Structures are given as C-alpha cells and as structure tokens.
Amino acid sequence: MALRDEILEQPGVLRGWIETQMQTASGIAEAILSRDVQYIFLAARGSSDHAGVYAQYLFSARNRLAVALATPSLFTMYPQSPRLHNSLVIGISQSGQSPDIVSVIAEGRRQGAITLAITNDSDSPLARAAELTLGLHTGPEKAVAATKTYTAQLLALGALSVALAGNKEADLADLAGVPDAVQSALELEPEAERIAGRHALMDHCVVLGRGYNYATAQEWALKLKELAYVFTDVYSTADFRHGPIAIVEPGFPVLAVAPQGAVLADQLALFSRLRDDYKAKLVIISDSDQALSLGAEKLRLPPGLSEWLTPIVSIVPAQLFCYHLTRAKGYDTENPRMLHKITLTE
C-alpha cells in the first residue's frame with residue numbers, strides 16, 4: 001500500500017536529501033544574505049501550510065527573521081496585494097501546481113523581492129515562477145495523504161535555517177541525526193497500531209501542541225480528518241485554556257505532542273489538569289518520562305534530538321497512528337473520499 005510504504009521510506013528520503021541538497025541550501029542562503037531581507041512572507045496550503053507554521057518558529061527563533069503567513073486570496077481575489085519590499089517570499093507546495101500559491105510568488109518577484117519555491121517538482125509552475133528553487137527530491141508520492149513530502153519540507157526548511165546561520169558544526173550534526181531518529185520512530189508502529197485499534201470508535205477529539213510542534217499538532221489533526229474522518233480541532237496548549245477547554249468531559253479524547261523543550265513545563269501543567277480534573281483520555285507523543293506518565297496511551301520518541309528538529313520526528317508516530325486508525329475503522333487508506341492528490345485553488 002502506497003501510504004504505509006511512503007511512511008516507511010522517510011528515513012531514506014531524508015538521508016538522501018542531506019547527502020545531495022545541502023550545497024543547494026547553502027547557495028540559496030548566500031543569495032538571501034546578499035539581499036536586504038527584513039522578513040519572510042510565506043505561502044502554502046494544506047500540509048505545506050503546516051510546514052509554514054514550523055518555519056514561523058524556526059526562522060524567528062533561530063535566525064531572528066519574522067515570518068508572515070500569506071493570505072493567498074489577497075493576491076487572486078482582491079485588487080491590491082501587500083507590499084513585499086525587502087522580504088523573502090517563499091512558496092511551499094508538494095506539487096507546485098496551485099495557482100494561488102504561484103500568484104504570491106509571481107507578485108513577489110514582480111515587486112523585486114527574492115523568491116524561493118520549495119517543491120517536489122522542479123519543473124512546476126511554482127518553480128518556474130520563483131527565482132530560486134529548493135527541491136524535495138522524495139520521488140513520486142502516490143498516496144493522497146502527504147507524508148514523506150511533509151517531512152522533507154521540514155528538513156529543507158531546517159537546512160536553510162542552518163545555512164543562514166553559517167552552517168555551524170553542531171547544527172549540521174543535529175541535522176545529520178534526523179534520519180536515524182525517524183528510523184527509530186518507525187519502530188513505534190506496533191504500539192501505534194495497538195493504540196489506534198483501541199480508538200476505532202473515536203469520532204471526535206482535539207489535538208494539542210505548542211512551539212515548534214504546534215505544526216505537528218496541525219498536521220496530525222489534518223491526517224485524522226482526511227484519512228479517518230475524525231471531527232478534529234487543533235489548538236496550542238496555551239490557546240486551549242482560553243475557552244476551548246470547556247468542551248472536555250470525562251473520557252474526552254485529547255491527543256498531544258510534547259517533546260522536551262522550552263514549552264514542555266507549561267504543557268505538563270495542562271496535561272495534569274486535563275487528566276486529574278477533567279478526566280480526559282490523553283494520548284501523548286513525547287520523549288519526556290513526565291509527559292508520558294500523564295497519558296492513558298503513550299508513544300515514546302527517541303531521545304536526544306534538539307527541539308527545533310523534533311517536528312520532523314514527532315509527526316512519524318502520528319502518521320502511523322492515523323494509518324492504523326483508518327484501517328481499524330474499515331476505511332481505505334489510499335482513496336480518501338472526495339480528495340485528490342493535487343488540489344488547485346485560485
């Protein structure tokens with residue numbers, strides 16, 4: 001089956017990208033640094049938009065570049081687009097086909113901004129519209145649900161951040177460790193399948209994350225919707241306190257991703273409250289013993305990865321969970337209803 005095969009391909013895809021594309025990322029970084037870039041303006045849809053959320057944290061925290069997520073409708077449906085002077089305009093798209101994402105890149109280039117396409121198709125309209133292209137090189141992705149292209153997008157963004165920061169040895173070593181960490185995460189499949197089987201009747205839930213892994217929560221929620229047809233909402237663990245927590249009642253399923261890092265202590269406080277006061281049923285993905293101890297079900301991430309790279313690994317057990325949940329519900333993992341691999345939006 002294509003979906004599971006593509007999930008399992010990810011360590012090799014990421015390893016191959018590191019071996020062949022780091023020089024390209026460095027060249028792109030040099031071009032960006034040669035311009036007076038003050039901020040990043042990023043356009044994407046679907047899973048690629050979640051990669052953009054990761055980029056917001058990544059480039060802001062590590063490179064001190066503010067990242068604004070584009071509203072593509074302003075470039076296709078309204079008469080005037082934002083001024084993009086002194087910005088780096090990035091379009092992220094697995095296929096590179098969607099006209100609205102292409103329009104953002106084209107307008108950025110028309111205004112004189114430096115433009116970058118991150119795509120799996122180097123001959124796509126998006127790549128042709130951009131000044132620079134950073135390819136994903138995953139090979140064909142046949143499953144409708146994106147898996148290996150998503151993690152490759154995160155890796156490409158991480159590599160670009162490293163290059164913009166000067167290719168420091170510690171950062172390069174951290175990047176080099178990602179494929180092995182993803183391979184270790186794949187070993188969670190039997191446990192992910194078991195937990196998914198116990199949630200076969202789940203038809204609603206919330207997914208929580210924060211910081212770098214807010215993007216992971218968003219991507220996990222999307223996979224639950226498009227594959228297993230679970231009515232899902234996603235929140236930052238901070239935002240969840242501001243009203244949405246009122247929906248939780250005993251037995252309510254809460255899925256959470258919480259690797260060790262700057263936001264973990266805040267997440268632990270919320271998880272304790274959800275378990276002890278609200279009697280929620282938590283499924284937790286983490287490398288923290290304390291976080292895992294709060295879960296009714298748990299998926300243990302491999303230890304030792306720097307927080308800024310954990311989203312590339314933490315999404316893998318979530319992908320496996322969604323794949324096996326879909327099967328446990330009796331749905332077709334390869335043909336989600338009413339969905340197509342390429343979605344074109346104006």
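Because the structure is a prediction, the values reported are computed rather than measured.

So, how was this worked out
Residues numbered from 1 in each chain as written. Predicted model: local features only at pLDDT ≥ 70, side-chain atom pairs only at ≥ 80, totals over all residues. Heavy atoms only, no water. Phe/Tyr/Trp six-rings, centres within 6.5 Å; stacked < 30°, edge-to-face > 60°. Helix = DSSP H or I, 4+ residues; strand = E, 2+ residues; numbered from the N terminus. Buried < 20%, exposed > 50% of the residue type's maximum accessible area, 1.4 Å probe, protein only. Pairing = 2+ DSSP bridges. Axes fitted to C-alpha atoms, helices over the stretch in contact; angles between N-to-C directions. Contact = heavy atoms within 4.5 Å.

A. Just the packing of aromatic side chains, in detail. Using the criterion set out here, one finds six aromatic pairs in the structure. Geometrically, the ring pair formed by Trp-220 and Phe-321 is edge-to-face, given 6.0 Å between the ring centres and 85 degrees between the ring planes. Of the two residues, Trp-220 is situated in helix H11 (residues 214-228) and Phe-321 in helix H15 (residues 310-328); the sequence distance between them amounts to 101 residues. Its relative accessible area of 0% is what places Trp-220 among the buried residues. Geometrically, the ring pair formed by Tyr-229 and Tyr-331 is tilted, given 4.7 Å between the ring centres and 50 degrees between the ring planes.

B. Molecular detail of unusual backbone geometry. A positive phi is found at Asn-86, a non-glycine position, where the angle reads about 65 degrees. Along the polypeptide, Asn-86 turns up in the loop between helix H4 (73-76) and strand E3 (87-93). Here Asn-167, not a glycine, exhibits a phi torsion of approximately 50 degrees, which is positive. Take Asn-167: it is sitting in the loop between helix H7 (148-164) and helix H8 (169-176).

C. Summary view of the sheet that holds strand E2 (residues 66-69). Here we have five strands laid out as an open sheet, ordered E2-E1-E3-E4-E5, and parallel in their pairing. Since the sheet does not close on itself, it has two edges, and those belong to E2 and strand E5 (132-135), each with one partner. Taken over all neighbouring pairs, the strand axes of this sheet differ in orientation by 25 degrees on average, direction set aside. Pairing of E3 with strand E4 (residues 114-119), which is carried by six bridges, proceeds in the parallel orientation. When the bridges of E4 are listed, Ile-90 appears paired with Leu-116. The strands touched by helix H3 (residues 46-63) within the sheet are strand E1 (39-44), E2 and E3, with E2 carrying the most contacts at an inclination of about 160 degrees. Lying over the sheet, helix H5 (residues 99-110) contacts E1, E3 and E4, oriented at roughly 160 degrees with respect to E3.

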